[in-house]
Amino acid sequence: MRVVVVGGGIGGLALGAGLRRRGFEVAVFDRDTDVAATGGYHITLDKRAQSALGDLVEPTIMRRLLASGSALRLRERDAFWDRRGRLLGHGPDLGGSGSVDVDRITLRVLLAEAVGDGLHLGCSVSGVGLDDDGAPRVLFTDRAPVSADLVVGADGTHSVVARHLAGGPTSSPAGIIGFSGRTLLHDLSPGEQRRLRPRSGLAVGPRGAALYVGFLDPVGNAALVAPELRMSVTTGPTYIWGAMFPESAATDSLRDLRGGELKTALLGRFRERGWAEHTLEVITRADPQSVAGFRFNAASTRADDLAPWPAGRITALGDAVHATPPTAGMGAGAAIRDAASLLEHVGNATGGTLTDAVGQFEAGMRRRGSEVLTLAMKTVRWILATDTTLGAAATVVGTPILAAAARLRR
Ligand SMILES: Cc1cc2nc3c(=O)[nH]c(=O)nc-3n(C[C@H](O)[C@H](O)[C@H](O)COP(=O)(O)OP(=O)(O)OC[C@H]3O[C@@H](n4cnc5c(N)ncnc54)[C@H](O)[C@@H]3O)c2cc1C
């Protein structure tokens with residue numbers, strides 16, 4: 001069976017790797033010309049995502065990934081702060097967590113290696129349809145069409161394939177715009193190092209401003225201690241942060257800025273919302289080249305709204321179907337689990353049952369997508385609630401009380 005995968009991001013490459021490993025003829029097409037030229041933020045893979053990945057790639061790839069990943073169980077509990085940097089509370093104990101954080105670049109490079117010569121870069125897909133024999137066909141902007149037995153759209157949030165199947169967009173802006181960057185722990189002042197500690201955390205202030213600080217250390221907190229296999233882009237204790245604001249014409253215009261100019265503008269947005277200067281150090285000291293903007297898109301949280309098409313020999317997975325804001329750290333994991341599930345169903349199908357296999361896969365994907373979207377949208381709604389008159393007042397009045405209660409508990 002010949003499978004064509006549109007999109008060589010996390011889900012498409014994971015699927016391509018699994019199909020190749022199982023002996024399918026597979027071609028993955030991506031418009032990017034370099035797999036390493038992708039956002040440098042980290043991806044959290046929980047146990048389910050790791051198990052799915054273990055079904056898709058060779059054990060050697062899995063070992064190199066874990067040797068490049070930072071184990072959550074070695075991190076302190078997550079913290080919640082207010083805009084003054086006062087501690088409001090903690091997340092659950094991570095001692096029993098099986099999750100790992102990996103650089104998105106490292107993950108994508110390893111998956112691309114697993115797909116090998118089945119990956120075709122610099123190929124922009126312009127549409128999908130059926131050829132004269134009724135077989136699924138992929139159209140490109142600047143090369144001849146390709147037909148297949150099965151076409152899978154893994155082309156992300158603005159998917160051409162899912163749009164064709166659904167007859168329109170499958171997601172819409174979530175109302176938040178995000179900016180990420182990376183800052184080495186050792187570049188922070190001793191005071192901020194002591195406050196932030198080797199842990200991740202989230203600070204939410206009034207008027208919808210939030211700052212997520214993710215701690216990543218694939219050397220000191222290696223998920224698998226095998227330095228000879230390590231290939232992470234992050235080479236020491238690092239904070240990968242995400243600044244979030246409600247989407248508006250003013251915040252949207254920040255997306256046109258780059259590097260130091262973008263950093264200065266972001267700092268200005270926090271300062272005008274009353275954030276204490278020391279809480280912004282993680283942005284001030286960031287590598288300007290690492291700072292970039294993203295608009296968060298989200299699909300419906302209702303399972304019935306996802307993949308609203310009859311099953312056939314063209315399908316889609318990952319963000320193409322259930323675009324998930326990064327606020328739950330689960331979008332990439334869900335795309336990988338989609339890939340493993342599709343492989344399992346298609347691998348067990350023969351001849352005429354391919355459509356049934358796709359139908360069973362899509363039913364599971366709807367449940368998975370709804371689960372991760374529900375979690376991610378909880379945080380999005382919480383951040384947006386602080387942008388209402390009542391929410392802003394509650395944040396300003398309530399956080400000092402929470403901070404005092406947290407101090408008493410310590
Ligand atoms: C700041 C940020 C932080 C995140 N953090 C996490 C996290 O911690 N954990 C987590 O699980 N998830 C995280 N996510 C979400 C995660 O990155 C996505 O959910 C995940 O990458 C989805 O995988 P995908 O394969 O569906 O799409 P993508 O990885 O987006 O891949 C889509 C691919 O399709 C290609 N493509 C698109 N259109 C075309 C076309 N017309 N022709 C050819 N190629 C095309 C693109 O070039 C891209 O490579 C984060 C996202 C952001 C923005």
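Conventions and cut-offs
- Residues numbered from 1 in each chain as written.
- Predicted model: local features only at pLDDT ≥ 70, side-chain atom pairs only at ≥ 80, totals over all residues.
- Heavy atoms only, no water.
- Salt bridge = Lys/Arg side-chain N within 4 Å of Asp/Glu carboxyl O.
- Helix = DSSP H or I, 4+ residues; strand = E, 2+ residues; numbered from the N terminus.
- Buried < 20%, exposed > 50% of the residue type's maximum accessible area, 1.4 Å probe, protein only.
- Pairing = 2+ DSSP bridges.
- Axes fitted to C-alpha atoms, helices over the stretch in contact; angles between N-to-C directions.
- Contact = heavy atoms within 4.5 Å.
- Polar contact = N/O pair within 3.5 Å; in protein donor to acceptor, adjacent residues only side chain to side chain.
- Near = heavy atom within 4 Å.
- Areas by Shrake-Rupley, 256 points an atom, 1.4 Å probe, with all protein chains shown as cover.
- Nonpolar A, V, L, I, M, F, W, Y, C, P; charged D, E, K, R; others polar.

Trainee: Looking at this model, I keep getting lost on the pattern of salt bridges. Mind explaining?
Mentor: Once the charged atoms of two side chains with opposite charge are near each other, the side chains can pair. Evaluation of the coordinates by the stated rule reveals 23 salt bridges. Between R48 and E371 there is a salt bridge whose closest N-O contact spans 2.9 Å. On the criterion of sequence distance, the pair formed by R48 in helix α2 (residues 47-56) and E371 in helix α12 (residues 354-385) is long-range, its members being 323 residues apart. A relative accessible area of 36% means that R48 is categorised as partly exposed. Residue class for E371 comes out partly exposed when judged on its relative accessible area of 31%. A salt bridge links D252 to R295; its shortest N-O distance comes to 3.7 Å. Of this pair, D252 sits in helix α7 (residues 249-252) while R295 sits in strand β17 (residues 292-298), placing them 43 residues apart in sequence. A single network of salt bridges, built from pairs that share partners, joins E247, D252, R255 and R295.

Trainee: I'm lost on the sheet that holds strand β15 (residues 210-216) in this one. Help?
Mentor: Spatially, 7 strands are ordered β6-β5-β14-β15-β16-β13-β17 in an open sheet, and the strand pairing comes out mixed. Because the sheet does not close on itself, it has two edges, and the strands there are β6 (87-90) and β17. On average, each strand axis in the sheet is tilted by 20° relative to the strand beside it, whichever way the strands run. Pairing analysis gives 4 bridges linking strand β14 (residues 201-204) to β15, with the strands arranged antiparallel. Bridge assignment links G201 to a residue of β15, and that residue is V213. Along the sheet face, helix α8 (residues 259-272) touches β13 (172-184), β15, β16 (238-246) and β17 and points at about 60° away from the line of β16. Across the sheet, α12 touches β13, β14, β15, β16 and β17, and the angle it forms with β13 is around 85°.

Trainee: Help me understand the environment of T279 in this model?
Mentor: Mapped onto the elements of the fold, T279 is located in the loop between α8 and α9 (281-284). As a C-alpha pair, T279 and G85 span 194 residues in sequence and 5.7 Å in three-dimensional space. Side-chain polar atoms of T279 contact the backbone oxygen of A276, separated by 2.6 Å.

Trainee: Explain the environment of S232 here, please?
Mentor: Topologically, S232 is positioned in the loop between β15 and β16. By relative accessible area, S232 is classed as buried at 10%. Taking the C-alpha atoms as reference points, S232 and L66, separated by 166 residues in sequence, lie 9.8 Å from one another.

Trainee: Please explain helix α3 (residues 59-67) as it appears in this structure.
Mentor: An α-helix turns once per 3.6 residues; consequently, residues spaced three or four apart project the same way. Taken as a whole, α3 has its buried residues at I61, M62, L65 and A67. Those residues of α3 that are buried are in contact with β3 (42-45), α2, β7 (100-103) and α4 (104-115).

Trainee: Honestly, the site of the ligand in this entry has me stumped. Any pointers?
Mentor: Near the ligand you find 32 residues, and of these G11, D30, R104, D319 and A332 are the closest. One of the backbone nitrogen or oxygen atoms of I10 is found 3.2 Å away from an oxygen atom of the ligand. Separating an oxygen atom of the ligand from a backbone N or O atom of G331 is a distance of 3.2 Å. Protein chains shield 89% of the accessible area of the ligand, which is 1,000 Å² for the free molecule. If you list the elements that add at least two residues to the shell around the ligand, you get α1 (10-21), β3, α4 and α11 (331-347). When residues in the shell around the ligand are grouped by element, the largest group, 4 residues, is from α11. Taken together, the residues of the shell around the ligand sort by class into 12 nonpolar, 13 polar and 7 charged.

In short, geometric facts, not functional conclusions.
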